[in-house]
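# An overview of the molecular structure
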Amino acid sequence: MKRFVNVARIAACLSLFAGGPAFAAPTMPPVTVTGGQIAGVDEQDVHKWLGVPFAAPPVGDLRWRSPQPVVPWQGVRAADTFSPACAQTATWLPNPKSEDCLYLNIWAPRNAHNLPVMVWIHGGGYYGGSAAQPSYDGRNLARHGAVIVTLNYRLGVLGFFAHPELSAESAHKASGNQGLEDQIAALQWVRDNIAAFGGDPQRVTIFGNSAGGESVAQLMASPVAKGLFQRAISQSGNFGVPLTAGENAYFSRQSAEDRALTYAKAVGAAHISDLRQLSVEDLHKVAYYTLLSVDGYVLREDLTTTYTRKRHNDVPLMAGWTADEGKDLAPELLFTPTFTAANYRALVTKLLGHSPSPELLAAYPGATDADAKASINRLSNDWWGWRIWYWAGLQAREGKAKPYLYYFAHMPAQPKPCHYGCGVGHGAEILFVFDNLDTEKRDWTPQDRQLATRLADTWVRFAKDGDPGKDWPAFDGRPARVHIIATEKDAKETQPLPDFSLFLPPSEPQK
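Residues numbered from 1 in each chain as written. Predicted model: local features only at pLDDT ≥ 70, side-chain atom pairs only at ≥ 80, totals over all residues. Heavy atoms only, no water.

Attention now goes to the overall build of the chain. Broken down by element type, the chain carries 17 helices and 16 strands. Here the chain has a C-alpha radius of gyration of 23 Å; the compact-globule value for 511 residues is 24 Å, and the two agree. Taken along the three principal axes of its C-alpha coordinates, the chain extends 75 × 55 × 45 Å. Pairs at least 24 apart in sequence give 76% of the contacts found in the chain among residues at least 6 apart. When the accessible area of the chain is evaluated, it comes to approximately 20800 Å², of which 54% is carbon and sulfur surface. Within the chain, one finds 48 positive and 50 negative side-chain charges whose respective centroids are separated by 3 Å. (Helix = DSSP H or I, 4+ residues; strand = E, 2+ residues; numbered from the N terminus. Rg over C-alpha atoms; globule rule 2.2 N^0.38 Å. Contact = heavy atoms within 4.5 Å. Areas by Shrake-Rupley, 256 points an atom, 1.4 Å probe, with all protein chains shown as cover. Lys, Arg positive; Asp, Glu negative; His and termini not counted. Charge placed at Lys NZ, Arg CZ, Asp CG, Glu CD.)

Quick look at the structure:
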């Protein structure tokens, strides 16, 4: 990704004769950023800059270290091509992938000045994904009046690996959340550089879906991210941080280091120096369960403790979930696609983290295999929504800034065939938020297109003012304060919100 063009373009011309790489000339005047100058691409009403480094390549001795400063370059760097995705085990994302992946992308309207900035954090379970996925292209959303940034962060064993030796060598005496530190480094870059692209560094909104939405929760809880953003939007993100003290053990530093030591033994490299000698391919030969940890530095504790002690980053929050994502998430959450009457109660207990109440089992019956499958899908969806509901409730009770909660229930035109995210599934709202319906070939309806325009406007309005609009009340814990995103046709088929009191752990009575 180190592609440069000097001002006279001499190096580019010589490379053609020398057999080296050919460098495309930049099409816009250069912009000075941390590390040097970059030149992007003029797309008429929107300008874009792709593959901009925000940290040093985390390779060699920098593998698993906190992100380091950008390596400066000479001349003008052509910022017209996406960087590779971060190295990962996900097979659904096409190549290229690389350890050298800490780059971001920017879209800004022509003549942008002091516009709100929206920084997108991609999903993918912390083991997959990329800022360059077509649905995240920021051009159309930028047209609604914002500067859009998408970023890569380290994934899987390369991004969330806690090891006692790593903690010992760290200036912070902590390890395990390198991917989250990458996100923070990107936000620091935005703070320092985004004004050069027409963005307002004092109106930065972080937003993301799934693991990206979970990252938003973690950044709101992290003292290291303090002051780097002024709004937050979490789309279907809930599981990346403990909600209550009862979940701390699962996310603890000790648990994370134990997983790392077991993994290191499996790959036959006991020490970090040995692990750094292994290729990415060798590291990926052994499965590694990716999970963030309460490391004492980036994350200190569960969300309930953070919020009740007023230690969170208190900014306006918009959060929500979709109507059908349980059927996508259930096999991932429960590590099995098999839901039967025989294993139903055990699966429910695993999902909740505690034994279900009789009232919950009555609301979600599992006496037959058909009932068990339907209930697990619905329960997973509602449990996912409950965790988002609970988090928004913490902000409503303990914060000064207002939270806004949504339930995306619009049934969009479906892809054919449909393998994931079908119906109103996990991630169904992303194309609407980015106003990017045409990146997928579907029989989009006028209602789809109208909703995409409306949602993009709403997300940008929130980024501008911290308020999604007069028709969307702030959340105060009451069901009536959940904003239902649906068309008139959808409203007739939308399931009512569940009774979230059924999901409260026995030791966590609702305030």
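That covers the picture; the talk isn't over yet.
Turning our eyes to something else, we now look at the state of the cysteines. For the structure on display, the rule yields two disulfides. Each sulfur in the disulfide pair Cys 418 and Cys 422 lies 2.0 Å from the other. Judged by the sign of its S-S torsion, about -120 degrees, the cystine formed by Cys 418 and Cys 422 is left-handed. On the basis of relative accessible area, Cys 418 is assigned to the partly exposed category, the value being 26%. The class for Cys 422 is buried, based on a relative accessible area of 18%. (Disulfide = S-S within 2.5 Å. Buried < 20%, exposed > 50% of the residue type's maximum accessible area, 1.4 Å probe, protein only.)

As summarised here, the arrangement of the ten strands in space is 4-5-9-11-10-12-13-14-15-16, forming an open sheet in which the pairing is mixed. At either end of the open sheet lies a strand with only one pairing partner, and these are strand 4 (41–43) and strand 16 (482–485). Within the sheet, the average angular offset between the axes of one strand and its neighbour, ignoring direction, is 20 degrees. With four bridges joining them, strand 15 (residues 403–408) and strand 16 adopt parallel strand pairing. Of the residues in strand 16, the one forming a bridge with Tyr 407 is Ile 484. (Pairing = 2+ DSSP bridges. Axes fitted to C-alpha atoms, helices over the stretch in contact; angles between N-to-C directions.)

The end-to-end C-alpha distance of helix 5 (residues 178–193) is 22 Å, a good match for the 22 Å that 16 residues give at a rise of 1.5 Å each. Where burial is concerned, most of helix 5 is hidden: 13 out of the 16 residues are buried. (Expected span 1.5 Å × (residues − 1).)

What follows deals with the nonpolar core. Counting 132 residues, the largest nonpolar core has Trp 49, Phe 229, Trp 459 and Phe 503 as the members making the most contacts within it. For Phe 229, the contacting residues outside a window of four places in its chain are Leu 187, Val 204, Ile 206, Leu 219, Met 220, Asn 313 and Val 315. Counting 16 residues, the second-largest nonpolar core is a separate cluster that includes Ala 87, Ala 260, Tyr 263 and Ala 264. (Core = buried A, V, L, I, M, F, W, Y, C linked by side-chain atoms within 4.5 Å.)

Look at helix 12 (residues 344–352) against helix 14 (residues 369–398): their axes get within 11 Å of each other, and the N-to-C directions meet at 5 degrees. Considered as vectors, helix 12 and helix 14 are oriented roughly parallel to each other. For the pair formed by helix 12 and helix 14, the contact residues are Tyr 344, Leu 347, Val 348, Leu 351 and Leu 352 on the first element and Ala 372, Ser 375, Ile 376, Leu 379, Ser 380 and Trp 383 on the second. Residues belonging to the contact of helix 12 with helix 14 are distributed by class as follows: nine nonpolar, two polar and no charged. (Parallel < 35°, antiparallel > 145°, perpendicular 65-115°, else oblique. Nonpolar A, V, L, I, M, F, W, Y, C, P; charged D, E, K, R; others polar.)

Time to look at the pairing of strand 11 (residues 147–151). Most of strand 11 sits inside the fold, with five of its five residues counted as buried. Side chains of strand 11 alternate between two faces, with Val 147, Val 149 and Leu 151 and Ile 148 and Thr 150 buried alike. Sheet analysis places strand 9 (residues 103–109) next to strand 11, joined by four bridges and oriented antiparallel. Residue pairing across strands places Ile 106 opposite Val 149, the latter belonging to strand 11. Looking at chain direction, strand 10 (residues 115–121) and strand 11 are connected through five bridges and run parallel. Considered in strand 11, the bridge of Val 117 is made with Val 147.

It is worth spelling out the pattern of salt bridges at this point. Under the counting rule described, the total for this entry stands at 22 salt bridges. Note that Arg 478 and Asp 476 form a salt bridge whose closest N and O atoms lie 2.8 Å from each other. One salt-bridge network, in which partners are shared between bridges, spans Glu 43, Asp 45, Lys 48, Arg 139 and Arg 143. (Salt bridge = Lys/Arg side-chain N within 4 Å of Asp/Glu carboxyl O.)

Right, let's get into the packing of aromatic side chains. Throughout the structure, instances matching the rule amount to 28 aromatic pairs. Relative to Tyr 263, the ring of Phe 161 lies with its centre 5.8 Å away and its plane at 75 degrees, an arrangement referred to as edge-to-face. With Phe 161 in the loop between helix 3 (156–159) and helix 4 (164–169) and Tyr 263 in helix 7 (residues 253–267), this residue pair connects regions lying 102 residues apart in the sequence. On the basis of relative accessible area, Phe 161 is assigned to the buried category, the value being 0%. The class for Tyr 263 is buried, based on a relative accessible area of 3%. Ring centres 6.2 Å apart and planes at 80 degrees place the aromatic pair Tyr 404 and Phe 462 in the edge-to-face group. Highlighted residues: Tyr 404 in strand 15 and Phe 462 in helix 16 (residues 446–465), separated in sequence by 58 residues. (Phe/Tyr/Trp six-rings, centres within 6.5 Å; stacked < 30°, edge-to-face > 60°.)

Omega for the peptide link from Asn 95 to Pro 96 comes to 5 degrees, which places this bond in the cis form. Within the secondary structure, Pro 96 is located in the loop between strand 7 (85–86) and strand 8 (97–98). The omega torsion across Lys 416 and Pro 417 is -5 degrees, close enough to zero to call that bond cis. If you trace the backbone, Pro 417 turns up in the loop between strand 15 and helix 15 (430–433).

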